[in-house]
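# An overview of the molecular structure
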Amino acid sequence: MDLLTAVFVAPFLDMAGSPVFLAEVVIVGVLTGVMYSLVALGFVLIFKASGVFNFAQGVMVLFAALTLVGLMERGVPVWLAILMTILVMIGLAFAIERFMLRHLVNQEPIILFMATIGLAFVLEGVGETLWGSNVKALDVGIPNASFEVGGILLNEFDLFAAASCAVLVAVLAVFFHYTTIGRALRAVADDHQAALSVGIPLKTIWVIVWSVAGFVGLVAGIMWGARSGVQFSLSLIALKALPVLILGGFTSVPGAIVGGLIIGVGEKIAEIYWGPLLGGAIENWFAYMLALVFLVFRPQGLFGERIIERV
Amino acid sequence: MIYREAGQFKTTYTADQAVFPIVQDRWFIAAVAFLALGVPFVANEYWLQVVLIPFLLFSLAAIGLNLLTGYTGQLSLGTGGFMAVGGYMTYKITTAFPDLNILVVFAAAGLISAGAGLVFGLPSLRIKGFYLAVATLASQFFLGWLFNRVGWFYNYSSSGTITAPPREILGIMVTGPEATAEVRYYVALAIVTVMAVAAKNLVRGRIGRSWMAIRDMDVAAEIIGIRPFRTKLLAFSISSFYCGVAGAMLVFLWLGSAETEAFDIVVSFDVLFMIIIGGLGSILGSFLGAAFIVLVPVLLTNAPQLFGLTMAIDLQKHIEVVLFGSLIIFFLIVEPNGLARLWQITKEKLRLWPFPY
Amino acid sequence: MKLRNLTLSLVGLSLVGAAAGAAGSLVTTAAFAQAEQFFPMLVYRTGPYAPSGIPVANGFRDYYTLINERDGGINGVKITFEECETKYNTKLGVECYEKLKNKGPTGATLVNPFSTGITYQLIPKAPVDEVPILSMGYGRTAAADGRVFEWIFNFPATYWSQASAFVRYVAQQEGGEANLKGKKIAHVYHNSAYGKEANATLEVLAKKYGFELTLLAVDHPGQEQKSTWLQVRRLKPDWIFMSGWGVMNQVAVKEAAAINYPMDHFVGNWWSGSDADVIPAGDGSIGYKSTAFHGAGTGWPVHQDIIKYVYGGDEAKAKENNIGEVLYNRTIVNAMFGVEAVRTAQGKFGNKPLTGKQVRWGLENLNITKARLKELGMEGFMKPLKVTCRDHETGGSVIIQQWDGKKWSFSSDWIPPISEVVRPMIEEAAAAYAKENNITPRSC
């Protein structure tokens, strides 16, 4: 009975007891969720356009941030460094297409998935060889002051990150739905060979989409890197993006956002109100469990394309 | 010429359905067995401890995952979690019943692991493909958290680390610090041999066929009367049994002590690599893949010294990582069906050699 | 198709060749009867914990080089060392250990795993392989009981002593132990074997002094800690103690600053107080404290010697190699312990390369006096210590250092642990280990 109370009653009483704090938890959850979405977005882009579950996205985030901070350390001004990093990411996209994807056209998805893990190793090694393994402070001039609004503590940096993510998503959604390239991307995702046969330049499409994913990775790298310093661990945030990804659906840009929000708010509430009951640090698996619950009802994620099977 | 089946006649169905119907194959297996038994006489402790023992236990884990992913088509990233169940349950059982034969304990821990696989396999009834893969990460993270958090699993030691206590079979130390690498190697070899043969027979029989039917098209399989519910869950539990025993071996025959970090997500990925590089849906491939993933990093680490190169250790590690990644991509490009497929091609070629049509 | 098979078989052949070659080179580790003492180095210059691993590796390398360059070795016995990359990964650590344990004319002198996970792994192996382990301020706390853990040394302090010293420090700051009653203390810890070490001690002390303890776990790697710091915000603890590692430290310091937590009430343990931990947080980290058992900076003669002998007077290059950083200095201490242990053992066994067994004797009879510290150029850098057969921890006092935005400096006196609580816990844990592994404790 005590247990039941502890699980089903006490946390809610707790929430009702201090609505301001609950509001703060929710807001922090939303802001964190947006940061997850930012990483998840990179996965979605590439999966949507090439059917590749790109596990190297996390390392791409690291690689972009390392390049940026490495250039800045050598005295390059911020704006130029960002520009140069974008160019590097585009070059990377070319290289990936030329040396990897081109040879793997029409392979099983799992082979492509594994190849991206191999790619993750390569990028990790190259990035650290070029820029070193030490932690580097990243300061691109985003304000970082905290202020209180009605008892809720907000941080300028978090708000800025959320805003830039929102803009990014809006732009990408428009791009996918209303431009010729966007439609071509979706065609490629459906079927490589069919897309080729109607004259869609597969190689160009891939370079474009990997470049865009590299750019999204750069944005994610700046946001996360400014918080923790740029270092190897940055690549591990990919693991926090995966539940977002399956919850929202691999193929949906808005799904990545909604998924991020659900996961962000869900895991914060779970950790703070139920975490102490279980001994804490439940966030990581809770996010996956939450995603799993949604999947049982919608196996293709909230916004994923419906899976149709024919015998 | 050497590898030719002409002249080998089968007079019974049993002979025709043997695991190795060709004489040369049997000779080959005998040679491998001989080598495997003889290796401790030539290898030093470094090789046993760093290459051979991990190779054996990861082969077992790879077989387990191959049953699930290669034969049944259910992509799983929860291998590390199921191995953790095996490791921790072995510790728990053997400290509770110190007199129980350690091999029995391994099997019992494997069974518990199978139970865990059953539970975490449930979502597979609705979820497929990459969605399932990511969903199985839930088991990875949950089990890791569980064994880290609940003191009962590690007998409430202050740090949550489990240590293999000394246990003996027939008066010979097989676990704990005093067990020699040779003994631990032989025990691992015995376990892996028995379980690999079992797996081979399993996939040739009715169960294996139903798994493959599910893999190839589950809707169609259901129509011809295979129950997906039972078949998928059976695959999950048997696969987890294999992984659980491998996890027990990891703690008790290899590392000697472990915390949950030893079973983290990297392990799951490594095992998945093994079956992909080795060959999906092939028992032999599991061994080849494990050899590749275990051996290549060791070779790469030792290679610069070999050629008399000295370089900064961090640079060396970075180059090693790059090379490892490139090798994986290279193999996937040239032979997406894995090393087992290469082996098969070689055999086909040998059959015709030296007089191709 | 042809070409593809050709390349494949070439790759296969070269792999086999490499394997055979590697086997050959590994088998033929011929013993050279030279006057060399071999120190294995398990380092992590890459991977998620590289920012901590790099100064550690450099510190070891520089101190060993210093002894060779300045003194011509330990009483004429040259030091040789070899680095092996572990990535802070337990499995690679074991590989490195196996690779290095038989190198040099007399095998590995002693091993400094610099990772709690690897230490745990090696503890059962140490008596079998006869390689002593010096896990300085990490690893298994119970190893402080030398009667059970003959081969393991964790002086000058353990996690449990450290946690109790932290509580004593808080008591000092609050104006006496009586004032601890009703105070709220939070422990933010890395959710791993290492991070959990302090929990039991803090729980016992919470009961004893009546403060309210909250344990907040942060999962590896600790990139995202919003919920932890939300809980801190709600709880408003009077003091926070942190057992962090790697990226967790940087994020925690930054988040604490973001919720305007008073930084001088936020105390990291000695693995959460290095330069790399506070620099990314910028000015937000000013006032942050951590425990330590040695000084920070380059203000001691030993540093001048390193600049002079190792870097040829090139101070900028030395700075690039982390000289004076907290973790660098810590390894200077660690390397010094190893070298002095060999020196002590040489007093008994003669000035020649020593085996692990002989060095173990040296470790157990190590006596670093104040005068000796002065000779070593480390006066005031750390506390003198004397190891005994019973006590492998020696004292366990810590000192609090504080970050002022540019450098760490001491902000307290040496704080002794609450031994009457900690020592019985250590002995109890050691006895439990002895029972589980059929070890008969030595009598001393």
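All values derive from a computational prediction rather than experimental measurement.

What counts, and where the lines are drawn
- Along each chain, residues carry numbers from 1 onward, in the same order as the chain's sequence is written.
- Working convention: letters from A go to chains and numbers from 1 go to ligands, in the order in which they are written.
- At least 70 in pLDDT is required for a residue's local features to be given in this predicted model, at least 80 for side-chain atom pairs to be given and counted, and no such filter applies to totals for whole chains, interfaces and linings, which use all residues.
- In this scheme every C-beta is placed from the backbone, and a residue whose C-beta has 20 or more other C-beta atoms within 10 Å is buried, one with 12 or fewer is exposed, and one in between is partly exposed.
- We count a stretch as a helix when DSSP gives it H or I for four or more residues in a row; a strand needs E for two or more, and each element gets its number in order from the N terminus.
- Note: two strands are recorded as paired if DSSP finds a minimum of 2 bridges between them.
- Contact criterion: two residues are in contact if their C-beta atoms, reconstructed from the backbone, are within 7 Å.
- Classes in brief: Ala, Val, Leu, Ile, Met, Phe, Trp, Tyr, Cys and Pro nonpolar; Asp, Glu, Lys and Arg charged; the others, Gly included, polar.
- Axis angles are defined between N-to-C directions and span 0 to 180 degrees, where every axis is a line fitted to C-alpha atoms and, for a helix, only to the segment in contact.

Time to look at the pairing of strand β12 (residues 399-403) of chain C. Residues and elements named next belong to chain C. Taking burial as the measure, the 5 residues of β12 include 4 buried ones, the bulk of the element. In this structure, strand β9 (residues 289-292) lies alongside β12, joined through 4 bridges in antiparallel fashion. Looking across to β12, one finds that Thr-291 is bridged to Ile-400. Bridge count for β12 against strand β13 (residues 408-410) is 3 bridges, and the pairing is antiparallel. By the bridge assignment for β13, Gln-401 is matched with Phe-410. Connecting β12 to the next strand, β13, in antiparallel fashion are 4 residues, including Gly-405 with a positive phi near 100 degrees.

For an interface, size is often stated in terms of accessible area lost upon the parts coming together. Opposite the 30 residues of chain A that make contact, chain C presents 34 residues. Elements with a minimum of two residues in the side of chain A that touches chain C: α3 (19-50), β2 (152-155), α10 (202-228), α12 (253-278) and α13 (283-297) of chain A. Top element by residues in the side of chain A that touches chain C is α3(A). It accounts for 5 residues. Grouping the amino acids of the side of chain A that touches chain C by side-chain chemistry returns 12 nonpolar, 11 polar and 7 charged.

Paired through their backbone hydrogen bonds, the strands of a sheet run either parallel or antiparallel. All names here are of chain C. Read from one edge to the other, the open sheet built from 7 strands follows the order β6-β5-β7-β8-β9-β12-β13, with strand pairing classed as mixed. The open sheet has two edge strands with one neighbour each: β6 (212-218) and β13. Ignoring strand direction, the axes of neighbouring strands in this sheet form an average angle of 25 degrees. As judged from the 5 bridges shared by strand β5 (residues 184-190) and strand β7 (residues 239-243), these two strands associate in the parallel manner. Directly across from His-187, in β7, lies its bridge partner Phe-241. Against the sheet, helix α6 (residues 159-174) touches β5, β7, β8 (266-268), β9 and β12, its axis set at about 130 degrees to β9. Sheet strands in contact with helix α7 (residues 193-209) are β5, β6 and β7, and its direction is about 160 degrees off that of β5.

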